Amino acid sequence: MTTESTDPARERLRRWRMVLGGDSADGTGCALAGRDAAMDGALAALYGKGDKAQSGKDRSAGLGASAPSVARWLGDIRTYFPSSVVQVMQRDAIDRLGLSTLLLEPEMLEAVEADVHLVGTLLSLNRAMPETTKETARAVVRKVVEDLEKRLATRTRATLTGALDRSARVSRPRHHDIDWNRTIAANLKHYLPQYRTVVPERLIGYGRASQSVKKEVVLCIDQSGSMAASVVYASVFGAVLASMRSISTRLVVFDTSVVDLTDQLDDPVDVLFGTQLGGGTDINRALAYCQSQITRPTETVVVLISDLYEGGIRNEMLKRVAAMKASGVQFVALLALSDEGAPAYDREHAAALAALGAPAFACTPDLFPEVMAAAIEKRPIPVPDTV
């Protein structure tokens, strides 16, 4: 606690000074010193204006154009601000000051706070990245991916394992396979009060444990630039699903062409570096490929992850969705798979899919396991209230 903060009025002025930034006191009459001045300098380098006495110009590139000055600034903000704030400031620095090219330098990558948005930026730079940087970039991406897997994998596997068991109920179970709770609930109308018992005319059993494939899942992912965060999360979930023996998982990415990355699902980092963010979008072509890979439609879930801005043939796209649903495929359309909030999307196409019984909505990573469980069990999809 600073000496100034012991005076509430002085502390309020100090905080206003930190918020207003800019010139020496900004009308507050409060000058900054020590740690406050250093924090203010880090913020001014990104959001404020330069020293007018020196330059007389807005500070639109306060971090300079060199990697060493940016690396020092990255070190400063990690010293003064929590990780969540550092990540926001990094994104703003990349967007506002055009620092993407500096991420091609290994020493810069080692200084940044890794998060999903940084991974998206690195993937968009993949084709321009020199070989000397790729190893460092992969290390950064792997750290983010491993953190996401730790957060998401256990709950996803548990949720989907339960859904698979419930979807495999049998009506003539062996005694030790009877699901007594569901059996009693289904036969309550046969309760005999004089005997205080239920006569189970219909038995419901658990599906016997099996290593065979019960369900097939196709993840069809739009890799246009606006879908970067969704691509990261979808790749992680794809790897988690592929690790479950009862689910056969296929992962397809597309822009105007289609690439099947299923053979790389054992390592989501390989999947991510196999994508090429940016370019156009041909959803119809991607769905045509996915449709051609379906062999058991009634046991298949297709998840389209796209903002639905279609550059291909719109009517053909809708016909394919209708045909897949008519054959028994569970079709899910996600406008985004991320924590970024409401995305921009093609509302006309979303409405057309909803009319076909395939509501399109943005999905958070935390909700995704429940969405997949509902699709596997052929229950109504838990669409968020915001849709």
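- Looking at an unreviewed UniProt entry, one finds the chain named VWFA domain-containing protein, with Streptomyces curacoi as its source organism.

## Some points on the overall build of the chain
Moving on, step 1. What the chain contains, in helices and strands, is 14 helices and eight strands.
Moving on, step 2. Within the chain, the fraction of its 387 residues that count as buried is 45%.
Moving on, step 3. Residue pairs at least 24 apart in sequence account for 72% of intrachain contacts in the chain once pairs closer than 6 positions are excluded.
Moving on, step 4. Here the chain displays about 19200 Å² of accessible surface, and carbon together with sulfur accounts for 51% of that area.

## Details of the state of the cysteines
Moving on, step 1. If you walk through the whole model with that rule in mind, you get zero disulfides.
Moving on, step 2. C220 takes part in no disulfide bond, and the closest cysteine sulfur, belonging to C290, lies 3.7 Å away.
Moving on, step 3. For C220, a relative accessible area of 0% corresponds to the buried category.

## Comments concerning the sheet that holds strand β8 (residues 360–363)
Moving on, step 1. Across the sheet, six strands lie side by side as β5-β4-β3-β6-β7-β8; this open sheet has mixed pairing. Single-partner strands in this sheet number two, and they are β5 (258–260) and β8. On average, each strand axis in the sheet is tilted by 25° relative to the strand beside it, whichever way the strands run.
Moving on, step 2. Running over the sheet, helix α11 (residues 283–292) touches β3 (215–222), β4 (247–254), β5, β6 (300–305) and β7 (330–337) and is turned about 155° from β4.

## Focus on helix α14 (residues 368–377)
Side chains that are three or four residues apart share a direction in an α-helix, a result of its 3.6 residues per turn.
Moving on, step 1. Of all ten residues making up α14, eight are buried, and the element is well covered by its neighbours.
Moving on, step 2. Buried within α14 are the following residues: F368, P369, V371, M372, A373, A374, A375 and I376.
Moving on, step 3. A positive phi of about 60° marks K378, the residue just after α14.

## Focus on the pairing of β6
Moving on, step 1. Of all six residues making up β6, six are buried, and the element is well covered by its neighbours.
Moving on, step 2. Residues T300, V302 and L304 of β6 are buried on one face, and the alternating residues V301, V303 and I305, pointing to the opposite face, are buried as well.
Moving on, step 3. Sheet analysis places β3 next to β6, joined by six bridges and oriented parallel. By the bridge assignment, E216 is partnered in β6 with T300.
Moving on, step 4. Pairing analysis gives five bridges linking β6 to β7, with the strands arranged parallel. If you follow V302 over to β7, its bridge partner there is F331.
Moving on, step 5. Handedness of the β-α-β unit built from β6, helix α12 (residues 314–326) and β7 comes out right-handed.

## Description of helix α2 (residues 34–47)
Moving on, step 1. The end-to-end C-alpha distance of α2, which contains 14 residues, comes to 20 Å, matching closely the 20 Å that a straight helix rising 1.5 Å per residue would cover.
Moving on, step 2. Every buried residue belonging to α2 is among D36, M39, D40, A42, A44, A45 and L46, and all of these are buried.

## Brief notes about the environment of K325
Moving on, step 1. The residue K325 is located in helix α12 in this model.
Moving on, step 2. Beyond its immediate chain neighbours, meaning those up to four positions away, K325 contacts F331, L356, G357 and A358.

## Some points on a nonpolar patch on the surface
Moving on, step 1. Together, W16, V19 and L20 make up a nonpolar patch on the protein surface, roughly 340 Å² of accessible area in all.
Moving on, step 2. Relative to the helices and strands, V19 resides in helix α1 (residues 8–20).

## Considering the environment of S235
Moving on, step 1. Its place among the elements puts S235 in helix α9 (residues 228–242).
Moving on, step 2. A relative accessible area of 1% means that S235 is categorised as buried.
Moving on, step 3. In this structure the C-alpha to C-alpha distance between S235 and V269, which are 34 residues apart in sequence, comes to 8.1 Å.

## Points about the packing of aromatic side chains
Moving on, step 1. Scanning all chains against the criterion turns up one aromatic pair.
Moving on, step 2. Aromatic side chains F237 and F368 sit 4.5 Å apart centroid to centroid with 45° between the ring planes, which places their arrangement in the tilted category. On the criterion of sequence distance, the pair formed by F237 in helix α9 and F368 in helix α14 is long-range, its members being 131 residues apart. For the pair F237 and F368, a shared accessibility class is recorded, and that class is buried.

## Section: the side chain of D282
Moving on, step 1. Considering the arrangement of structural elements, one finds D282 in the loop between α10 (268–273) and α11.
Moving on, step 2. A polar atom in the side chain of D282 sits 3.0 Å from the backbone nitrogen of R285.
Moving on, step 3. Residue contacts for D282: discarding those within four places in its chain leaves F254, D255, T256, E310 and G312.

## What about the packing of α11 against α12?
Moving on, step 1. Across the interface, α11 lies against α12 with an axial gap of 8 Å and an inter-helix angle of 25°. Put simply, α11 runs roughly parallel to α12. Between α11 and α12 lies a crossing whose hand is left-handed. In contact with I283, N284, L287, A288 and Q291 of α11, α12 contributes E316, M317, R320, V321, A323 and M324.

## As for the side chain of E113
Moving on, step 1. Looking at the element boundaries, E113 is found in the loop between α5 (106–111) and α6 (116–124).
Moving on, step 2. In terms of polar contacts, E113 uses its side chain to reach the side chain of S83, at 2.9 Å.

Calculation notes
Residues numbered from 1 in each chain as written. Predicted model: local features only at pLDDT ≥ 70, side-chain atom pairs only at ≥ 80, totals over all residues. Heavy atoms only, no water. Helix = DSSP H or I, 4+ residues; strand = E, 2+ residues; numbered from the N terminus. Buried < 20%, exposed > 50% of the residue type's maximum accessible area, 1.4 Å probe, protein only. Contact = heavy atoms within 4.5 Å. Areas by Shrake-Rupley, 256 points an atom, 1.4 Å probe, with all protein chains shown as cover. Disulfide = S-S within 2.5 Å. Pairing = 2+ DSSP bridges. Axes fitted to C-alpha atoms, helices over the stretch in contact; angles between N-to-C directions. Right-handed = clockwise from strand over helix to strand, strands pointing away. Expected span 1.5 Å × (residues − 1). Patch = residues over 30% accessible without salt bridge, like charges linked within 9 Å, V, L, I, M, F, W, Y side chains within 5 Å. Salt bridge = Lys/Arg side-chain N within 4 Å of Asp/Glu carboxyl O. Phe/Tyr/Trp six-rings, centres within 6.5 Å; stacked < 30°, edge-to-face > 60°. Polar contact = N/O pair within 3.5 Å; in protein donor to acceptor, adjacent residues only side chain to side chain. Parallel < 35°, antiparallel > 145°, perpendicular 65-115°, else oblique. Left-handed = near helix turned anticlockwise from the far one by under 90°.

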